[in-house]
Amino acid sequence: MAKTSQPDGLAFFKNHLNKGMTQTDVVRLFGKDYKESVTEQAGEKCWTYYFSKDPNYQPTAPPYEVDQESLKSGKLQYQLSIVWDGREIKSYILFYHDNGRIKELKEKFFAGPYPNE
């Protein structure tokens, strides 16, 4: 798996993933090294990016699941899942490891709850 360029902390994601972004915008930001899947609850297109400092990193879970093993071991720094509404960003969830726990940063660009809430 090719290495996706390393973002500099959580603020990078908060500052660069915005409402109205298109798939082209996201590819410009992170490249084409994503895994495409479909969300379980709503059947929407989802792109998953893996940010690792290890050039030999390989996910230990499918793209629609959190790679907990790699996050906990430090092989994976961030796992970013972007859900699309057509060609525009609908929401994202960023998973990361902090103080022994897997945490998430969520942002949605639509009204109402997430499908599973």
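Let me sum up the structure you'll find in this document.

Reading the values: the criteria
- Residues numbered from 1 in each chain as written.
- Predicted model: local features only at pLDDT ≥ 70, side-chain atom pairs only at ≥ 80, totals over all residues.
- Heavy atoms only, no water.
- Salt bridge = Lys/Arg side-chain N within 4 Å of Asp/Glu carboxyl O.
- Helix = DSSP H or I, 4+ residues; strand = E, 2+ residues; numbered from the N terminus.
- Buried < 20%, exposed > 50% of the residue type's maximum accessible area, 1.4 Å probe, protein only.
- Pairing = 2+ DSSP bridges.

## Side note on the pattern of salt bridges
Enumeration over the complete set of coordinates arrives at four salt bridges. Taking the shortest distance from any N to any O, the salt bridge between K90 and E44 comes out at 2.4 Å. Linking K90 in strand β4 (residues 88-98) with E44 in the loop between β1 (35-38) and β2 (45-51), this pair joins segments that are 46 residues apart in sequence. Judged by relative accessible area, which is 18%, K90 ranks as buried. Exposure remark for E44: the relative accessible area of 18% places this residue in the buried category. Of the charged contacts in the structure, one is a salt bridge between K103 and D98, with a shortest N-O distance of 3.1 Å. Among the residues examined, K103 registers a relative accessible area of 31% and is labelled partly exposed. Classification of D98 by relative accessible area gives partly exposed; the value is 29%.

## What to know about the pairing of β1
In this structure, β1 lies alongside β2, joined through four bridges in antiparallel fashion. Bridge pairing links E36 to W47 in β2. Counting the residues in the hairpin turn of β1 and β2 gives six residues, including G43, whose phi is positive at 65°.

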